Amino acid sequence: MAEFNAMDTAAFKGVWVFCEQREGQIQTISYQLLSEGRKLANDLGVELCGVVMGSEVNENYVKALGGYGADRVYYIDSPLLKDYTTDGYAKALCDLVMEKKPEIVLIGATNLGRDLGPRCAARLHTGLTADCTHLDVDVEKYKEFLRTTSNIDVDNTKFEENTNLKMTRPAFGGHLMATIICPRFRPQMSTVRPGVMQTQPYDEAGAAKVVVEKIAPALTAEDIHVEILDIKKSAKKMVDLIGADVVVSVGRGISSDVEKGIALAEELAGVLGGVVGASRAVTDEGWLSSDHQVGQTGKTVHPRIYVALGISGAIQHVAGMQDSETIIAINKNESAPIFDVASYGIVGDLFKVVPELIKEIRAAKA
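Residues numbered from 1 in each chain as written. Predicted model: local features only at pLDDT ≥ 70, side-chain atom pairs only at ≥ 80, totals over all residues. Heavy atoms only, no water.

> Just checking my understanding: could you explain the sheet that holds strand β13 (residues 246–250) for this structure?
Sheet strands associate in pairs through backbone hydrogen bonding, adopting either a parallel or an antiparallel arrangement. With respect to topology, five strands assemble into an open sheet ordered β14-β13-β15-β16-β17, the strand pairing being parallel. If you trace the sheet from one side to the other, it starts and ends with β14 (275–278) and β17 (344–347), each paired once. Along the sheet, successive strands turn relative to each other by an average axial angle of 20°, direction set aside. Sheet strands touched by helix α7 (residues 258–272): β13, β14 and β15 (305–309). Its angle to β13, the strand with the most contacts, is close to 170°. Contacting β15, β16 (326–331) and β17, helix α11 (residues 350–365) crosses the sheet at an angle of about 135° to β16. (Pairing = 2+ DSSP bridges. Helix = DSSP H or I, 4+ residues; strand = E, 2+ residues; numbered from the N terminus. Axes fitted to C-alpha atoms, helices over the stretch in contact; angles between N-to-C directions. Contact = heavy atoms within 4.5 Å.)

Shown next as structure tokens:
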């Protein structure tokens, strides 16, 4: 293996996406990151590579990554990678990075990715920006992004012309957006939460021409310092917020009658064919489980209809739902920030408004 020097930035080229799989199934976040990685690779004029680790993963699933933009897929195959371990995955990925030297590595901010990303960054002596919401390498595209998302006087601000990865993420509890660069070290690493990036349409031609390179890692049982004896799955049903077409979320406004508030949300979601979400205040109180949480520290959603019941509209929550096609807000406080992002707003008591809304929807359907 060639000598690895994270500060030799000229030696690094290409965009990589770590494609997470569980029990042989490629996770949706992988397709989202490949779609975003394709844009970055096009701007840089370089190859986009997916990296899959596992044991006996279906070849069709691996080749399908080409349908979402990958030019090449490195499939690291070993029985020791069947189940995720920090030691095993970090060594296999870092060994490949040291050999191939990509300039950008994107990882999903899942439970697995949030464990793997920092470990790899530390081993590679580079930086990592967590929970990114926007990525750019082209300065002009970054300026356009700033024009629509910030109050910066872009035209009168001097920008350094380079192709460093500009990684934007919420900071200071979501009250600011910070753009971070890693100019002196490679690879530039970023984690991105599921649901933030849009998935491009599947392309059969891309899947047909993708190059799959199978790799046997230099990995032994001695490299892994934990032994997985058993994996137990929770029997509870998890709500699919990210894939939902309609989300009805509840906030602290249901506190006067929590059970009734949740029941109304469930009934409204039922007539609209959607699912129930929640603000952080609701999940912190234990009124709904954390898989219902929408927001900066929860899930980012892009439904056709988002209904906010008794949600004030703190920036942390808005960050997770502001790109919904239609936002309907119901709140007693006419000055609630949620009305600033709402397509339609109703000032009123949700316990009175929602039953009437449900009745009208049912009548319209009838």
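> For this particular structure, what's the right way to read the nonpolar core?
Inside soluble globular proteins, nonpolar side chains tend to come together where they are buried. Formed by 33 residues in total, the largest nonpolar core has its most connected members in Val15, Leu34, Leu65 and Leu135. Put simply, the parts of the chain that give this core at least two residues each are β1 (15–18), α1 (28–44), β4 (48–54), β5 (72–77) and β6 (104–108). The leading source of residues in this core is α1, at seven residues. Contacts of leucine 34, omitting those with residues within four sequence positions, involve Val17, Cys19, Leu48, Gly50, Leu65, Tyr68 and Ala70. (Core = buried A, V, L, I, M, F, W, Y, C linked by side-chain atoms within 4.5 Å. Buried < 20%, exposed > 50% of the residue type's maximum accessible area, 1.4 Å probe, protein only.)

> Would you explain the environment of alanine 10 in this entry?
If you trace the backbone, alanine 10 turns up in the segment before β1. For the pair alanine 10 and arginine 186, spaced 176 residues apart in the sequence, the C-alpha separation amounts to 9.1 Å.

> Just checking my understanding: could you explain the pattern of salt bridges for this structure?
Think of it this way: side chains of opposite charge can pair up when their charged atoms draw near. Under the defined criterion, the tally for this structure stands at 19 salt bridges. Salt-bridge contacts for lysine 100 lead to glutamate 213; the nearest nitrogen and oxygen are separated by 3.7 Å. Of this pair, lysine 100 sits in helix α3 (residues 86–100) while glutamate 213 sits in strand β12 (residues 211–215), and the two are 113 residues apart along the sequence. Residue class for lysine 100 comes out partly exposed when judged on its relative accessible area of 30%. A residue is classified by how much of its surface remains accessible, and glutamate 213, at 26% relative accessible area, is partly exposed. Aspartate 284 is the salt-bridge partner of arginine 280, the closest N and O atoms lying 3.3 Å from each other. Taken together, the residues arginine 280 and aspartate 284, both in helix α8 (residues 280–284) and four residues apart, mark about one turn of the helix. You can call aspartate 284 exposed: its relative accessible area is 56%. (Salt bridge = Lys/Arg side-chain N within 4 Å of Asp/Glu carboxyl O.)

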